[in-house]
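# Structural characterization, general
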Amino acid sequence: FQRRALQKNRDASPGSLQSKGSSGINAEYGELLRSLLHRSPNKTTCSSLSCFSLISIVQTMNAPDRFELFVLPDGVKKISYVKDTKIPNAGTFTIQKEDHTVGNIVRMQLLRSPEVLFGGYKMPHPLDHSIIIKIQTTPTSSPAKALEDSLTALINEFQHLEDKFTNEVKKKIHPGNEYY
């Protein structure tokens with residue numbers, strides 16, 4: 001079995017997998033994968049190279065193209081807002097092509113504001129590259145204003161971090177110069 005897996009791995013070129021079927025993997029690799037999955041994890045049935053190659057082929061089979069993670073399709077707005085009809089001073093923002101990184105940073109900045117009563121986010125699905133941010137504010141503010149203030153504060157904070165970093169790099173490049 002191990003020799004068969006290694007031989008198939010050596011014989012397959014990256015282009016040959018795509019040409020053997022529309023799914024990008026042929027029946028022999030599917031059979032090989034099924035036999036790997038049904039074996040006991042204690043037995044070493046194939047080399048780590050052939051198992052890694054086989055697993056990487058299967059993992060990329062249904063993966064969306066990488067550009068779909070950040071390129072906004074034509075006619076789609078980056079951010080949309082829906083006012084909540086049941087809760088006063090509340091609304092939902094949907095931000096396209098963003099993930100937990102942006103969602104968590106925005107949520108944390110929203111919660112720093114005393115005018116925000118609730119601020120949270122969720123990602124509807126791991127393959128849906130958008131985040132949904134829900135905000136409820138006091139009657140003296142609005143969700144749009146709270147989000148705008150939070151994003152402005154984040155931009156200022158990141159600019160400050162970039163300036164400090166640039167100054168420290170300049171100090172390392174020019175160690176004796178006191179003007180940096």
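Preceding this section is the structure that the text describes.
Here goes a summary of the coordinates provided. (Residues numbered from 1 in each chain as written. Predicted model: local features only at pLDDT ≥ 70, side-chain atom pairs only at ≥ 80, totals over all residues. Heavy atoms only, no water.)

This part covers the overall build of the protein chain. For the protein chain, the count of helices and strands is six helices and four strands. Put simply, the protein chain has 180 residues, and 27% of those count as buried. Residue pairs in contact within the protein chain that sit at least 24 positions apart in sequence constitute 54% of those at least 6 positions apart. For the protein chain, the accessible surface area stands at approximately 13000 Å², while carbon and sulfur atoms represent 56% of it. (Helix = DSSP H or I, 4+ residues; strand = E, 2+ residues; numbered from the N terminus. Buried < 20%, exposed > 50% of the residue type's maximum accessible area, 1.4 Å probe, protein only. Contact = heavy atoms within 4.5 Å. Areas by Shrake-Rupley, 256 points an atom, 1.4 Å probe, with all protein chains shown as cover.)

Attention shifts here to the sheet that holds strand β4 (residues 130-137). If you walk across this open sheet you meet the four strands as β1-β2-β4-β3, and the pairing is antiparallel. Either end of the sheet is taken by a strand with one partner, and the two such strands are β1 (79-83) and β3 (116-122). The sheet shows a mean angle of 15° between the axes of neighbouring strands, taken without regard to direction. In this sheet, β4 lies alongside β3 in antiparallel orientation, the contact comprising six bridges. Among the inter-strand pairings, K122 is bridged to a residue of β4, identified as I132. Helix-sheet contacts for helix α5 (residues 100-112) involve β3 and β4, and the interaxial angle to β3 is about 175°. (Pairing = 2+ DSSP bridges. Axes fitted to C-alpha atoms, helices over the stretch in contact; angles between N-to-C directions.)

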